[in-house]
Amino acid sequence: MKKLLTLTSIASIAAVLALISACQTTSAGGGEVARKEALLSQSGFKVVTVTEPKQKQAVTGLAQGRCSAVKYNGKLYYVFPTSTKDKIYVGKQTQFNKYKKAIAAQQASQPARM
């Protein structure tokens, strides 16, 4: 009986550890998107709410988790859809250049943290 109780305890601990590591993996991906969205805001990108069906269709075609270059009325814009795709970050070349510099600076400082 004592061996069964010990075996059950070990199995329970293993299951809890597996769940914890799975949660950390999921939150790391979400953290990456949140970090990018914060950098986009700091770089001057504007948040636009997607309301019309035509807009929603266009946003669905955009790459998830990255900026896409889009021409609208003959002008070049950079668009980053949120994970829920109900809002987008929109900026021009100046804001995109600031964003790229911020990403590069953050990646350069990241190995120093580890």
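Residues numbered from 1 in each chain as written. Predicted model: local features only at pLDDT ≥ 70, side-chain atom pairs only at ≥ 80, totals over all residues. Heavy atoms only, no water.

We now examine the layout of surface pockets. Approximately 470 Å³ is the volume found for the largest pocket. Lining the largest pocket we find 16 residues, and of these Gln55, Val70, Tyr72, Val79 and Ile88 sit closest to its centre. Per-class residue counts for the lining of the largest pocket are 11 nonpolar, two polar and three charged. (1 Å grid on protein atoms, 1.4 Å probe; cavity = no way out; pocket = protein on both sides within 12 Å on 5 of 7 lines; lining within 4 Å. Points joined across faces, edges and corners; volume = space filled by probe spheres on them. Nonpolar A, V, L, I, M, F, W, Y, C, P; charged D, E, K, R; others polar.)

A negative phi holds for most residues other than glycine; trans holds for most peptide bonds. Even without glycine at this site, Asn73 takes up a positive phi of about 55°. What makes Asn73 exposed here is its relative accessible area of 66%. Of note, Lys85 is a non-glycine position whose phi angle comes to about 60°, a positive value. Residue placement: Lys85 occurs in the loop between β3 (75-81) and β4 (87-91). Among the residues examined, Lys85 registers a relative accessible area of 26% and is labelled partly exposed. (Buried < 20%, exposed > 50% of the residue type's maximum accessible area, 1.4 Å probe, protein only. Helix = DSSP H or I, 4+ residues; strand = E, 2+ residues; numbered from the N terminus.)

This brings us to the packing of aromatic side chains. On inspection of all chains with the given rule, the structure shows four aromatic pairs. The interplanar angle of 70° and the centroid separation of 6.4 Å between the aromatic rings of Phe80 and Tyr89 together place this pair among those described as edge-to-face. On the accessibility criterion, Phe80 (0% relative accessible area) is buried. Note on Tyr89: relative accessible area 9%, which makes it buried. In textbook terms, an aromatic cluster arises when at least three aromatic residues are bridged by ring pairs, as seen for Phe45, Tyr78, Phe96 and Tyr99. (Phe/Tyr/Trp six-rings, centres within 6.5 Å; stacked < 30°, edge-to-face > 60°.)

What is shown is where atoms sit, not what they do.
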